[in-house]
Amino acid sequence: CQMCYEPGKVANGAQTFCESCLPGTAPLEDRSECQSCVGANYSSFGIACSECASPNVVNEERTSCTACSPGSGPNIDRTGCEPCTGTTYSMTGQCQDCNAPSIVDSDRVTCSSCAPGEQPNDDRTACVACEGTSYSGFGADCVSCDAPNVVNSDRTSCSD
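On a predicted model such as this, the values are computed, not experimentally measured, just so you know.

## Regarding the overall build of the protein
Here's step 1: When its secondary structure is counted, the protein shows 0 helices and 20 strands.
Here's step 2: Against the globule reference of 15 Å for 160 residues, the protein gives a C-alpha radius of gyration of 28 Å, more extended than a compact globule.
Here's step 3: Across its three principal directions, the C-alpha atoms of the protein cover 100 × 20 × 15 Å.
Here's step 4: Across the 160 residues that make up the protein, the buried fraction comes to 28%.

This is the structure in structure tokens:
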């Protein structure tokens, strides 16, 4: 008898030849059978299960490790992607916080500032223009311009 030492191969059931493991599996240490990769591990060629580096995710078959698309990030066990929510966004496949007073777009792909004369809406998903006698010099909160001062036409300043 000879040991089956070829990478990614195990002895067949009759112990008569070495056979390859399928992608998504890898040989047991004693090369007696192929076992499925588990958790965030994958095997593209059936040779060895490798850890899928964060923030990437493994597919259901455990045959590949890829990044999530923009606007989404890995689920808790890194076996799939889920949309970014609230004020989080993702340009590269990992959701991250969009710090106030910036806003996220509806696709949760970008985090950007409002223009002077605007402020973020309540859920920080859009910019809204300052109204009445309010102004915003930096695109943050609209503040009141008290009399006798007046707001300029683009609502970016308050002056005498």
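## What to know about the environment of Phe-17
Here's step 1: Along the chain, Phe-17 falls in the loop between β1 (9–11) and β2 (18–20).
Here's step 2: Remark: the alpha-carbon pair of Phe-17 and Cys-4, spanning 13 residues in sequence, is separated by 7.9 Å.
Here's step 3: Not counting chain neighbours up to four residues away, the residues in contact with Phe-17 comprise Val-10, Ala-11 and Asn-12.

## So, unusual backbone geometry
Here's step 1: Of the consecutive residues Ser-54 and Pro-55, the connecting peptide bond is found in the cis state with omega at 10 degrees.
Here's step 2: Locating Pro-55 in the fold gives a position in the loop between β6 (50–51) and β7 (57–58).
Here's step 3: A cis amide bond, omega 10 degrees, links Ala-100 with the succeeding residue Pro-101.
Here's step 4: In this fold, Pro-101 is placed in the loop between β12 (96–97) and β13 (103–104).

## Considering the side chain of Arg-108
Here's step 1: Along the chain, the position of Arg-108 falls in the loop between β13 and β14 (111–112).
Here's step 2: For Arg-108, which is buried and forms no salt bridge, the nearest opposite charge comes from Asp-123, at a distance of 6.1 Å.
Here's step 3: There is a polar contact of 3.0 Å between the side chain of Arg-108 and the backbone oxygen of Gly-86.
Here's step 4: Residues within four places of Arg-108 in sequence aside, it is in contact with Gly-71, Cys-84, Thr-85, Gly-86, Thr-88, Tyr-89, Ser-90 and Thr-125.

## Concerning the state of the cysteines
Here's step 1: Under the defined criterion, the tally for this structure stands at 9 disulfides.
Here's step 2: Between Cys-68 and Cys-81 runs a disulfide, and the two sulfur atoms are separated by 2.1 Å. Residues Cys-68 and Cys-81 are joined through a disulfide that is left-handed, its torsion about the S-S bond being -90 degrees. Of this pair, Cys-68 sits in the loop between β8 (65–66) and β9 (72–74) while Cys-81 sits in strand β10 (residues 81–83); the two residues are 13 residues apart in sequence, bridging distant segments of the chain.
Here's step 3: With a relative accessible area of 40%, Cys-81 lands in the partly exposed category.
Here's step 4: Here Cys-84 engages in a disulfide with Cys-95; their sulfurs sit 2.1 Å apart. Judged by the torsion about the S-S bond (-95 degrees), the Cys-84/Cys-95 disulfide is left-handed. Placement of the pair is Cys-84 in the loop between β10 and β11 (88–89) and Cys-95 in the loop between β11 and β12, with a sequence separation of 11 residues.

How each quantity is defined
Residues numbered from 1 in each chain as written. Predicted model: local features only at pLDDT ≥ 70, side-chain atom pairs only at ≥ 80, totals over all residues. Heavy atoms only, no water. Helix = DSSP H or I, 4+ residues; strand = E, 2+ residues; numbered from the N terminus. Rg over C-alpha atoms; globule rule 2.2 N^0.38 Å. Buried < 20%, exposed > 50% of the residue type's maximum accessible area, 1.4 Å probe, protein only. Contact = heavy atoms within 4.5 Å. Lys, Arg positive; Asp, Glu negative; His and termini not counted. Salt bridge = Lys/Arg side-chain N within 4 Å of Asp/Glu carboxyl O. Polar contact = N/O pair within 3.5 Å; in protein donor to acceptor, adjacent residues only side chain to side chain. Disulfide = S-S within 2.5 Å.

Purely geometric numbers; function is a separate question.
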